[in-house]
Amino acid sequence: MNERKMSQRILLAKVGLDGHDRGIKVVARGLRDAGFHVIYSGLWQSVDAVAQAAQDEDVDWLGVSILNGAHMSLVPKLLEALQQRGLTHIGVIVGGIISPDDQEKLKQLGASACYGPGTSIDSIVEFLSS
Amino acid sequence: MSSVTTNRRTPWTTVSGVPVQPLYTVEDLGNFFPDQELGLPGHFPFTRGIHESMYRGRLWTMRQFAGFGRPVDTNERFHFLLRQGQTGLSTAFDLPTLMGLDSDDPRSVGEVGRLGVAVDTIDDMLALFDGIDLGQVSVSMTINAPAIVIMAFYVAAARQRGVAWNELRGTIQNDILKEFHAQNEFVFPPEPSVRLVVDLIEFCTQQVTQWNTVSISGYHIREAGSTAAQELAFTLADGRHYVEQCLARGMDIDTFAPRLSFFFNSHNDLFEEVAKYRAARSLWAELMRDEYKAKAEASWKLRFHAQTAGCSLQAVQPEVNLMRVAYQALAAVLGGCQSLHTNSMDETLALPSEHAATLSLRTQQVLAHETGVTNTSDPLGGSYFVEHFTQQMKQEARRCFHDIAGQGGMIAAIENGYFRRKIADSAYVYQRSIDVGEKLIVGVNAFQQSGDKIMPVMPFDESTESAQVESLRQVKRDRSWDDVSRSLDEIRRAAAAGQNVFSALLEAADRRVTVQECMDALADSLGRFRPSAGW
């Protein structure tokens, strides 16, 4: 892993009712081991609470995990909430069960990257570090 | 990647990371007494299966989990599946229903009918099973925190249709403990949650006598990242806790134990999975007979449903998932399952399309009718490897029971995060082993190809939510608020008094009280549980 002068900060969040947290917890540990400062929201957060936490924690990245198909309603709202707070410098990555079509749409709306099942932690680290 | 096969650098371990020897012989079985440890199929300790003739006598039930949209949409899929030769139904509810929320709650926005079917009132339950004879078809319902509410709706609907309760056959998952360990769909705190589980068991033991009252589930524990041995151990530990709580309620073990059922994962490592199922049967039989003093043979038998491992499916080269599912299904059948769900190849992308769902059912039909696996019982019995692994699984599970007791028992172990920590540790070890190439996953870290063709996925009908909310509003306009209010008072009274709440919920169902109204009334005295954000 790359040496960093100052570790990047990332907020990992679960929004909505989705309880699938295996992926996000594995990513949290992986990023921590790669030198990131990781904050995990826990389950069942609202879009506004996540945007507020991103601001309060002054993060560089926001990773949101959605495995229940609600990404097309939740992610646009989240991007909007960040915009309203003037937090467009925060890069948003999305993990979960997301069809290729939807991945394209989310990227057009401003998501930096989408990750599905089978993604390696190293590839996420590489992306966030580049 | 041709070097993968010639220059192997991956360790010789199972999917769960357990070392495997190059050869097993009789030496690996130690003091092995086949008569006692294996017995014959259909006889204690049932290591070789719960029926004498196994699949010759009765094939496993091909039970594909289905549910989406409004009740009418899922009803249509149910009729389609029955026409395709499926032999039992299995209902997936949407996330709001699973969390005890109505379709018109603000927290339900975007989730109504998405992952399963939305059920708000008894009207929805009647629509869901319209045209299906509930006295003939066995029905499984995957729901946990609101299980007792949904079960009350189901039996009330059966009564309205004129089906006698003792003719109803099926299963309700009703397994709240694994929600705390792994699946995260809980509402009330652990102790009152278990009380509701026992309320349902008690009511059905008396009145819905052919119903499987709990499906004690390792599936979700494994999906959350546990090893095979942890799946086995935590599941049986959950089963033991339910048994102990029913006994504490004063129930006779042989009245309720025969209707406890199990649900396990079927992952990629064929022999490890077979050993797990065989160990589960023999360990449960020993616990029931020797520790809990059950006398009826039916109480000793561990019957289980299996589902192939969703977490093993990959988003790249999704058609390859067909092969994964087929091998996993083989493991479940070689392990003696009573019913089986095979996953669809497109589940890493979206809910299954009709094409993908049909192929997954066909996978089971090929297995059942073309491969010959049904010809004889427990075909792997007596294999030095499988018997050694079966023994090892049992020992591992017993060690784990000891660990849980050391944590202060089931509820204390949940509260201190024992299960979640163990599972998250295993999940991380597994992911790292893939990342560093110790384990190879086709298409992911080996045999990659570019230019995957895009698989058409099932679109979601965005009008579902507004239509469901509108029909709920209609019900709320039509019903008598006085009736609803009296029903809710009765639920609160029974819950606060520590009585079995089933009868109060049954009456509420008939008065078209909603799922969320019932759950909120229960929460008034049971309280609510917030999960920790530990990782």
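For clarity, every value in this text was computed on a predicted model and none was experimentally measured. (Residues numbered from 1 in each chain as written. Chains lettered and ligands numbered in written order. Predicted model: local features only at pLDDT ≥ 70, side-chain atom pairs only at ≥ 80, totals over all residues.)

### Focus: the overall build of chain B
- The helix and strand tally for chain B stands at 22 helices and ten strands.
- Seen through its C-alpha atoms, chain B measures out along the principal axes to roughly 75 × 60 × 45 Å.
- Counting the 535 residues in chain B, one finds 52% classified as buried.
- Sequence-distant contacts, at least 24 apart, represent 76% of the contacts inside chain B between residues at least 6 apart. (Helix = DSSP H or I, 4+ residues; strand = E, 2+ residues; numbered from the N terminus. Buried ≥ 20, exposed ≤ 12 C-beta atoms within 10 Å, placed from the backbone. Contact = placed C-beta atoms within 7 Å.)

### Quick notes on the interface of chain A and chain B
- At the junction of the two partners, chain A supplies 28 residues and chain B supplies 34 residues.
- The element that contributes the greatest number of residues to the side of chain A that touches chain B is helix 1 (residues 22-33) of chain A, accounting for five residues.
- Of the residues in the side of chain A that touches chain B, the class split is eleven nonpolar, eleven polar and six charged. (Nonpolar A, V, L, I, M, F, W, Y, C, P; charged D, E, K, R; others polar.)

### Side note on the sheet that holds strand 5 (residues 170-172) of chain B
All names here are of chain B.
- Reading across from one edge, 2-3-4-5-6 is the order of the five strands in this open sheet, with parallel pairing throughout. Among the strands making up the open sheet, the edge pair consists of strand 2 (65-66) and strand 6 (211-212).
- Pairing analysis gives two bridges linking strand 5 to strand 6, with the strands arranged parallel. Following the sheet pairing, Thr-171 is matched in strand 6 by Asn-212. (Pairing = 2+ DSSP bridges.)

### Regarding the sheet that holds strand 7 (residues 214-217) of chain B
Residues and elements named next belong to chain B.
- Spatially, 1-10-9-8-7 is the arrangement adopted by the five strands of the open sheet, whose pairing is parallel. At either end of the open sheet lies a strand with only one pairing partner, and these are strand 1 (61-62) and strand 7.
- Pairing between strand 9 (residues 304-308) and strand 10 (residues 339-341): three bridges, direction parallel. By the bridge assignment for strand 10, His-305 is matched with Ser-339.

### Quick look at helix 18 (residues 418-435) of chain B
- An ideal rise of 1.5 Å per residue puts 26 Å on 18 residues; helix 18 of chain B measures up with 26 Å between its terminal C-alpha atoms.
- Taken as a whole, helix 18 of chain B has its buried residues at Phe-419, Arg-420, Lys-422, Ile-423, Ala-424, Ser-426, Ala-427, Tyr-428, Tyr-430 and Gln-431 of chain B.
- Next to the buried residues of helix 18 of chain B lie helix 1 and helix 5 (121-129) of chain A together with helix 7 (177-183), helix 9 (219-223), helix 10 (228-248) and helix 17 (410-415) of chain B. (Expected span 1.5 Å × (residues − 1).)

### A closer look at the environment of Tyr-428 of chain B
- Mapped onto the fold, Tyr-428 of chain B is located in helix 18.
- The exposure class assigned to Tyr-428 of chain B is buried, which follows from the 21 C-beta atoms found within 10 Å.
- With 262 residues separating them in the primary sequence, Tyr-428 of chain B and Asn-166 of chain B have C-alpha atoms 46 Å apart.
- If we skip the residues at most four places from it in the chain, Tyr-428 of chain B touches Val-26 and Arg-29 of chain A.

### Thoughts on the packing of helix 20 (residues 481-497) of chain B against helix 21 (residues 502-510) of chain B
Residue and element names in this part refer to chain B.
- Two elements in contact, helix 20 and helix 21, have axes separated by 9 Å at closest approach and are oriented at 170°. One element, helix 20, and the other, helix 21, form an angle in the roughly antiparallel class. The interaxial crossing formed by helix 20 with helix 21 has left-handed handedness. Judged by residue contacts, Ser-487, Glu-490, Ile-491 and Ala-494 of helix 20 engage Ala-504, Leu-505, Glu-507 and Ala-508 from helix 21.
- In the contact of helix 20 with helix 21, the residues fall into five nonpolar, one polar and two charged. (Axes fitted to C-alpha atoms, helices over the stretch in contact; angles between N-to-C directions. Parallel < 35°, antiparallel > 145°, perpendicular 65-115°, else oblique. Left-handed = near helix turned anticlockwise from the far one by under 90°.)

### Quick word on helix 3 (residues 71-83) of chain B
Residue and element names in this part refer to chain B.
- Here helix 3 spans 18 Å end to end across 13 residues, near enough to the 18 Å set by a 1.5 Å rise per residue.
- What helix 3 keeps buried is the set Pro-71, Thr-74, Phe-78 and Leu-81. Considered in projection along helix 3, the buried side chains sweep an arc of 85° and stay on one side of the axis.
- Buried residues along helix 3 sit against strand 2, strand 3 (89-92) and helix 5 (122-128).
- Backbone geometry just after helix 3 places Gly-85 at a positive phi near 100°. (Arc of directions from axis to C-beta.)

### A closer look at the nonpolar core
Residue and element names in this part refer to chain B.
- Ranked by size, the top nonpolar core spans 186 residues in total, and within it Ile-491 and Leu-505 carry the most contacts.
- It is helix 6 (residues 147-161) that contributes the most residues to this core, twelve residues altogether.
- Once you skip the residues sitting within four places of it in the chain, Leu-505 turns out to touch Ile-148, Val-149, Ala-152, Ile-491 and Cys-518. (Core = buried A, V, L, I, M, F, W, Y, C linked by C-beta atoms within 7 Å.)

### Some remarks on the packing of helix 10 of chain B against helix 16 (residues 384-406) of chain B
Residue and element names in this part refer to chain B.
- Between helix 10 and helix 16, whose axes approach to 9 Å, the crossing angle comes to 55°. As far as their axial angle goes, helix 16 and helix 10 are oblique. Between helix 10 and helix 16 the crossing geometry is right-handed. Residues Ala-229, Leu-232, Ala-233, Leu-236 and Ala-237 of helix 10 form the contact with helix 16, whose own contacting residues are Met-393, Glu-396, Ala-397, Cys-400, Phe-401 and Ile-404.
- Residues belonging to the contact of helix 10 with helix 16 are distributed by class as follows: ten nonpolar, no polar and one charged.

### Some words on the pairing of strand 8 (residues 260-266) of chain B
Residues and elements named next belong to chain B.
- In terms of burial, strand 8 is largely enclosed, as seven of its seven residues are buried.
- Burial along strand 8 is two-sided: the face carrying Leu-260, Phe-262, Phe-264 and Ser-266 and the face carrying Ser-261, Phe-263 and Asn-265 are both buried.
- Relative to strand 8, strand 7 is paired through four bridges, and the arrangement is parallel. Across the sheet, Ile-216 pairs through a bridge with Phe-262, a residue of strand 8.
- By the bridge criterion, five bridges tie strand 8 to strand 9 in an arrangement that is parallel. If you follow Phe-263 over to strand 9, its bridge partner there is His-305.

### Brief notes about unusual backbone geometry
Residues and elements named next belong to chain B.
- A cis geometry characterises the amide bond from Phe-44 onward to Pro-45, with omega recorded as 0°.
- The residue Pro-45 is located in the loop between helix 2 (34-37) and strand 1 in this model.
- Positive phi values are uncommon outside glycine, yet Phe-46 reaches one of about 65°.
- With respect to the helices and strands, Phe-46 occurs in the loop between helix 2 and strand 1.
- Of note in this structure, Asp-378 is not a glycine but carries a positive phi near 45°.
- Along the chain, Asp-378 falls in the loop between helix 15 (354-370) and helix 16.

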